[in-house]
There are 6 protein chains.
Amino acid sequence: MNHLPEEELTMIPGGSLITATPEEGRSLAMMIARHTIHNIQPDLDKLVAGRETYATDPDSLIAASQVVAIEFQTIAAANNYWK
Amino acid sequence: MNHLPEEELTMIPGGSLITATPEEGRSLAMMIARHTIHNIQPDLDKLVAGRETYATDPDSLIAASQVVAIEFQTIAAANNYWK
Amino acid sequence: MNHLPEEELTMIPGGSLITATPEEGRSLAMMIARHTIHNIQPDLDKLVAGRETYATDPDSLIAASQVVAIEFQTIAAANNYWK
Amino acid sequence: MNHLPEEELTMIPGGSLITATPEEGRSLAMMIARHTIHNIQPDLDKLVAGRETYATDPDSLIAASQVVAIEFQTIAAANNYWK
Amino acid sequence: MNHLPEEELTMIPGGSLITATPEEGRSLAMMIARHTIHNIQPDLDKLVAGRETYATDPDSLIAASQVVAIEFQTIAAANNYWK
Amino acid sequence: MNHLPEEELTMIPGGSLITATPEEGRSLAMMIARHTIHNIQPDLDKLVAGRETYATDPDSLIAASQVVAIEFQTIAAANNYWK
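Description of the structure in this document. Nothing here was measured: the structure is a model prediction, and the numbers come from that model.

Here we look at the packing of helix 3 (residues 58-78) of chain B against helix 3 (residues 58-78) of chain C
Inference 1: Direction vectors running N to C along helix 3 of chain B and helix 3 of chain C enclose 10°, while the axes themselves pass 9 Å from each other. In terms of orientation, helix 3 of chain B and helix 3 of chain C fall into the roughly parallel class. Note that helix 3 of chain B runs across helix 3 of chain C; the crossing there is left-handed. When helix 3 of chain B is examined against helix 3 of chain C, the residues Asp59, Ile62, Ser65, Gln66, Ala69, Ile70, Phe72, Gln73 and Ala76 of chain B are found in contact with a partner set consisting of Ser60, Ala63, Ala64, Gln66, Val67, Ile70, Glu71, Gln73 and Thr74 of chain C.
Inference 2: Counted by class, the contact of helix 3 of chain B with helix 3 of chain C contains 9 nonpolar, 7 polar and 2 charged residues.

Written out as structure tokens, the structure reads:
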């Protein structure tokens, strides 16, 4: 098994939901979504094997973007929508 | 690889969730949803290849519209529902 | 291409999330959901072609009704639940 | 076409999200979910044709119950959770 | 038809969203999710027939757990997160 | 039947939604999601049988990560986003 390095398994990279800007908040949402998957499947070879499948399948891309949207709801609320 | 231009990869176009009107907020929701997909799959050729598939499949269209609905929840809350 | 008329592409018909009654709020949720799909696929012929498929498939109907439910959450909050 | 009667098409039966009890709120959530589907597909024969399919398919039942869960979130919030 | 007993059809068992502990709140979320399905399909034989299918299919289990997660959001909010 | 031990069936491990850090909150979200599945399917052999399927299927991984995202929304709100 080609185990992912430890930093790819941190569930909340940076340890906080607070970010300086919406753009950084969105990056965090994407990282949190990815790291969740890393924690369920920490074998890099299996992740890479699945990458081509989902990254060229519109339905998978839509599903992945929905997870990011949900994570972002939480982060945006945490930052009071950067108002 | 036919890489998307940088402006198609900005995750929060305009850098803010605040918009003047609900219509602009909805446009932003659609752009954010699209740009998330661009960040997962930045190869324009692969995106174009999938376009015909999902844009004529009712289930894919419903799924895509759900992502926009979720993004819009966040943006509407950020704008206090434009009240 | 049989392009939808402009009024079918307005993303927030009426330009506001505020409605007089829950019934009108629900109508707005349905319209917003439909117009999102119109913006992703503005070719009326392709929409009509998909209509028979999804409108007789229980899973598609359930998926479509979920999108309306999510849009309605936003509209109901905007109207303080018409209390 | 065997068109559903008008009362099956009211989107918010009773015209309000406010109910006396959580049980009534849940009933309303189920009715709203059903009536959304009625509005998308108002032909009773087509609804009945799909009924056997989805009501014996666990995945369809799970999907349908999720829509009710989302509608109930809105109704519960409208009623301040009947506290 | 092997009709479920009446108590399996109560939509909000106990008639309230308020519980003493998060654990009880979670139990309630699971019961509400199950009873929703009972109300859509009250024939015990058909439910039992589908049980083996979904309870050994990872995707069905994930989908079912998502419904519980959504019901729990409502219950947790109702209890002010048991703070 | 190879029944899971009791501690794998606790629905809210630790009995509280409050955690010291976002990282611990995320761990809790993952545990709650897993334990929900344990409660629906408490036979370890059946869970292990499904593990290989879903942990190498990108769509299943995305679906599982969505459930974690929803659980985390609740936990993050309970902790006032650890602000």
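Now that the structure has been shown, the text picks up again.
Considering the relation of the copies chain A and chain B
Inference 1: Rotating chain A by 60° and moving it 0.0 Å along the rotation axis overlays it on chain B with an RMSD of 0.0 Å. What the rotation and shift describe, once combined, is the action of a six-fold rotation axis. For chain A, the minimum C-alpha distance to the rotation axis belongs to isoleucine 70 of chain A and amounts to 7.1 Å.
Inference 2: Residue by residue, only 19% of the interface of chain A is reproduced at the interface of chain B, so the copies engage with different surfaces.

Considering the relation of the copies chain E and chain D
Inference 1: Taken as rigid bodies, chain E and chain D are interconverted by a rotation of 60° and an axial shift of 0.0 Å, the fit giving an RMSD of 0.0 Å.
Inference 2: Take the interface residues of chain E: only 17% of them recur as interface residues in chain D, which is what a contact between different surfaces looks like.

So, the arrangement of the chains
Inference 1: Contact between chain A and chain D is absent, and the minimum C-alpha spacing across the pair is 14 Å.
Inference 2: No part of chain B reaches chain D; the closest C-alpha pair between them is 12 Å apart.

Some thoughts on the nonpolar core
Inference 1: Residues Leu17 of chain A, Leu17 of chain B, Leu17 of chain C, Leu17 of chain D, Leu17 of chain E together with Leu17 of chain F are the most contacted members of the largest nonpolar core, which totals 168 residues.
Inference 2: Discounting chain neighbours no more than four positions away, the residues touching leucine 17 of chain B are Phe72, Ala76, Tyr81 and Trp82 of chain A together with Ile12, Leu28, Ile32, Thr74, Ile75, Ala78 and Asn79 of chain B.

Digging into the interface of chain E and chain D
Inference 1: Opposite the 29 residues of chain E that make contact, chain D presents 27 residues.
Inference 2: Together chain E and chain D conceal approximately 2400 Å² of surface at their shared face, both sides included; 66% is due to carbon and sulfur atoms.
Inference 3: Counting the contacts that link chain E with chain D gives 2 salt bridges.
Inference 4: At the boundary of chain E with chain D, the tally comes to 11 residue pairs in polar contact (both at pLDDT 80 or more).
Inference 5: Elements that contribute at least two residues to the side of chain E that touches chain D include exactly helix 1 (22-40), helix 2 (44-55) and helix 3 (58-78) of chain E.
Inference 6: The dominant element in the side of chain E that touches chain D, judged by the number of residues it contributes, is helix 3 of chain E, at 11 residues.
Inference 7: Its residues assigned to classes, the side of chain E that touches chain D comprises 15 nonpolar, 12 polar and 2 charged.

Looking at the interface of chain A and chain B
Quoted interface sizes are often the accessible area lost when the parts come together.
Inference 1: The interface is formed by 27 residues belonging to chain A together with 29 residues belonging to chain B.
Inference 2: Taken over both partners, the interface formed by chain A and chain B buries close to 2400 Å², and the fraction arising from carbon and sulfur atoms is 66%.
Inference 3: For the pair chain A and chain B, the number of links is 2 salt bridges.
Inference 4: If you look at where chain A meets chain B, you find 11 residue pairs in polar contact (both at pLDDT 80 or more).

Describing the side chain of serine 65 of chain B
Inference 1: Of note, serine 65 of chain B is situated in helix 3.
Inference 2: The exposure class of serine 65 of chain B is buried, given its relative accessible area of 2%.
Inference 3: Here isoleucine 62 of chain B takes part through its backbone oxygen, which lies 2.8 Å from a polar atom of the side chain of serine 65 of chain B.
Inference 4: When near neighbours in sequence (up to four residues on either side) are disregarded, serine 65 of chain B contacts Thr36, Ile37, Ile40, Val67 and Glu71 of chain C.

Procedures and definitions
Residues numbered from 1 in each chain as written. Chains lettered and ligands numbered in written order. Predicted model: local features only at pLDDT ≥ 70, side-chain atom pairs only at ≥ 80, totals over all residues. Heavy atoms only, no water. Axes fitted to C-alpha atoms, helices over the stretch in contact; angles between N-to-C directions. Helix = DSSP H or I, 4+ residues; strand = E, 2+ residues; numbered from the N terminus. Parallel < 35°, antiparallel > 145°, perpendicular 65-115°, else oblique. Left-handed = near helix turned anticlockwise from the far one by under 90°. Contact = heavy atoms within 4.5 Å. Nonpolar A, V, L, I, M, F, W, Y, C, P; charged D, E, K, R; others polar. Least-squares fit on C-alpha atoms with pLDDT ≥ 70 in both. Core = buried A, V, L, I, M, F, W, Y, C linked by side-chain atoms within 4.5 Å. Buried < 20%, exposed > 50% of the residue type's maximum accessible area, 1.4 Å probe, protein only. Buried area = accessible area lost by both parts, 1.4 Å probe. Salt bridge = Lys/Arg side-chain N within 4 Å of Asp/Glu carboxyl O. Polar contact = N/O pair within 3.5 Å; in protein donor to acceptor, adjacent residues only side chain to side chain.

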